[in-house]
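What the coordinates show
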Amino acid sequence: MKNYKKVNQCGALFFKKQLRSNRGQLVKLVSLALLNTGSKVTLAYAMGWFVNGAVTRRMLSVWAAGGMALLSLGLGYGLTITLSATQLEMTKQMQKSLKATIYQVILYRDVQGIRKFRWQNIFNLTENSVPAVASDYFSNNLANIGRVIQISLCSLALLVINLEIFGLFVVVSAIPFFLNPVIRRQFGRYKAELNAKTMDHMSLMTNVLKGLTTIRAFSGGAIFNRQLKAMDEQLEEQRKRSKLWDIRIGQLSTLLAMSAQIVCMLIAAFFVLNRRISIGNLIVTTQLLNFIVPTITAFNTAYLIGRATLPLRKECAAVLQVTTNSASHQFINGDIVVSHLDYAYPQNAPLFTDFDVTFASGKKTVVIGESGCGKSTLMRLVAGELTDYQGCVTIGGQAITKIDPRQFHRNVIYVNQTPVIFAGTVLENITLFGTLASPDMAKILQQLRLTHLVQRDVVNGDIELSGGERQRISLARALLVQAPILMIDEPDSGQDPASARTIQQLIFKLKDRTVVVVTHNWQATYLNQFDQVIRL
């Protein structure tokens, strides 16, 4: 039950919330559905009056009923188009709202909660799961509002013709809904399996694209080609099964609904033979059933397809459940103290056991050690990127987990070994599209030898910029913030000797900041310039 409520946050409750916030569109949708159904009922009765007029040889009635039928038909066409456009617009707005909510979670809520999801999962969620929820759940629910109105009003119109036919129709039409639980379970399982295969395929394809150079260098194309083909086979087979279930549901619903219509028509024909209803009323009954039965089929199919999105809604709900970090302490600059630290990556030997270290405030500290000893991990722990540790990390006497995340990240800057480069110009990357600014920007760009690059357009940073250029861009971004604590992982990685010297000089010129540098440069002349050397 608890899990169902969580899923509903991305399902029924979210849907109802969107309807409340778009009351104007909802009123328009209901009004159009009422008018559209009214035109169809009028069309059905006009066709009956047309036939009755022909049987009784009343030509004026024939012409009047015929004109009314044509007018209703044209009106119904226009209303149906307008109703569909309204449903599509509301579905679009709901999809945008759900995506916007997910973006808010990703950008502003607890970063550790977000990191529990692989980035492929998040990408699949926004690009595949949310559109599927929008089209199969939101859109079908909106369409079913109109269908309920049409079924209800046309059924009332049928009730006016003959109570017995109406009662029989209600009983027979209820049969498909008793089969829904069995169909729903199977349909939902196929949808979930298709989503899982899609995500696996996306993950494999991403890894192949990332490692394309390595694959070609070591002639591994054949084996990865086989893996991709095998994954494609599984994905497309699952897609076929899912589509086949779509067809089965539609055809089964049609079969049951049409059977109900045939039974009702046979009873109506029997009533005509016994002169309990006129031929015109038989026509009205037939036309009303044509408006009711396919609509019941569509309603039932849409309901089953919507319920089958439950696994996708679970994915959305899991992300939406990520809470806002409740830490609210103000940032106070001071010594960085790591005490009694125990940390190990899952299924790996411990990197730190009862580890203690202090980075003095306002001093420059260098961290050295053999590859794999935990230098970068220590930086990530202090930067708040890793939180699943035992022990305590404090800044200015406060545990970093209790500091307001926004204040923490404004005051503690970590420049890692793999800088992120966004699509845009180099200058937009440095300033985060105008977010960052400093009167020293021109000086920083000149010192880091980036001035000639600022207008360069970057589409794919991994290809268009060298590793050294990416590192300098990331460092420039960090220096613009002027945070009191700056941690830099391998600042001279990928740099030519001249650029490396420039970066070193720039770091040592920084005043009134706590600077922590991770390096593999163990030259005594370099290390001696730091206030503190920590060897892991």
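Note: the structure precedes this text.
All of the points below concern the structure found in this document. (Residues numbered from 1 in each chain as written. Predicted model: local features only at pLDDT ≥ 70, side-chain atom pairs only at ≥ 80, totals over all residues. Heavy atoms only, no water.)

Of regular secondary structure, the protein chain possesses 21 helices and 11 strands. The buried share among the 536 residues of the protein chain stands at 46%. (Helix = DSSP H or I, 4+ residues; strand = E, 2+ residues; numbered from the N terminus. Buried < 20%, exposed > 50% of the residue type's maximum accessible area, 1.4 Å probe, protein only.)

The subject of this paragraph is the sheet that holds strand E3 (residues 364-368). Pairing between the strands of a sheet comes from backbone hydrogen bonds, and it takes one of two forms, parallel or antiparallel. Spatial strand order, E6-E9-E10-E3-E11: five strands in an open sheet with parallel pairing. Strands with a single pairing partner mark the edges of an open sheet, and in this sheet they are strand E6 (412-415) and strand E11 (532-535). Neighbouring strand axes in the sheet, compared pairwise and without regard to direction, differ in orientation by 15 degrees on average. By the bridge criterion, five bridges tie strand E9 (residues 485-489) to strand E10 (residues 514-518) in an arrangement that is parallel. (Pairing = 2+ DSSP bridges. Axes fitted to C-alpha atoms, helices over the stretch in contact; angles between N-to-C directions.)

A separate point is the packing of helix H3 (residues 23-55) against helix H6 (residues 119-161). Look at H3 against H6: their axes get within 9 Å of each other, and the N-to-C directions meet at 35 degrees. Both H3 and H6 take part in a crossing whose hand is right-handed. Facing H3, whose interface residues are Leu26, Leu29, Val30, Ala33, Leu34, Thr37, Lys40, Val41 and Tyr45, H6 presents Leu142, Ile145, Gly146, Ile149, Gln150, Leu153, Cys154, Ala157, Val160 and Ile161. Along the lines of polarity and charge, the residues of the contact of H3 with H6 split into 15 nonpolar, three polar and one charged. (Left-handed = near helix turned anticlockwise from the far one by under 90°. Contact = heavy atoms within 4.5 Å. Nonpolar A, V, L, I, M, F, W, Y, C, P; charged D, E, K, R; others polar.)

Okay, the side chain of Gln407 next. Mapped onto the fold, Gln407 is located in helix H15 (residues 405-411). Classification of Gln407 by relative accessible area gives buried; the value is 15%. Among the polar contacts listed, one links the side chain of Gln407 to the side chain of Gln330, at a separation of 2.5 Å. When near neighbours in sequence (up to four residues on either side) are disregarded, Gln407 contacts Gln330 and Phe331. (Polar contact = N/O pair within 3.5 Å; in protein donor to acceptor, adjacent residues only side chain to side chain.)

Next up on the list: the pattern of salt bridges. Enumeration according to the criterion identifies seven salt bridges in this entry. The shortest N-O distance in the salt bridge between Lys92 and Glu89 comes to 3.4 Å. Separated by three residues within a single helix, Lys92 and Glu89 lie in helix H4 (residues 59-108), roughly one turn from each other. On the basis of relative accessibility, which here comes to 41%, the residue Lys92 falls in the partly exposed class. (Salt bridge = Lys/Arg side-chain N within 4 Å of Asp/Glu carboxyl O.)

Here helix H20 (residues 497-509) spans 18 Å end to end across 13 residues, near enough to the 18 Å set by a 1.5 Å rise per residue. For H20, the elements touching its buried residues are E3, helix H17 (441-447), helix H19 (467-481), E9, E10 and helix H21 (524-527). (Expected span 1.5 Å × (residues − 1).)

On the surface, a nonpolar cluster with roughly 420 Å² of combined accessible area is contributed by Leu34, Leu153, Leu156, Leu159 and Leu163. The element that contributes the greatest number of residues to the nonpolar patch is H6, accounting for three residues. If you trace the backbone, Leu156 turns up in helix H6. (Patch = residues over 30% accessible without salt bridge, like charges linked within 9 Å, V, L, I, M, F, W, Y side chains within 5 Å. Areas by Shrake-Rupley, 256 points an atom, 1.4 Å probe, with all protein chains shown as cover.)

Val426, Ile430, Leu448, Leu450, Ile473, Leu479 and Leu486 are the most contacted members of the largest nonpolar core, which has 36 residues in total. Other than its neighbours up to four places away in sequence, Leu486 contacts Ile413, Val415, Ala478, Leu479, Leu510, Arg513, Thr514, Val515 and Val516. (Core = buried A, V, L, I, M, F, W, Y, C linked by side-chain atoms within 4.5 Å.)

By themselves, these figures tell us nothing about what the structure is for.
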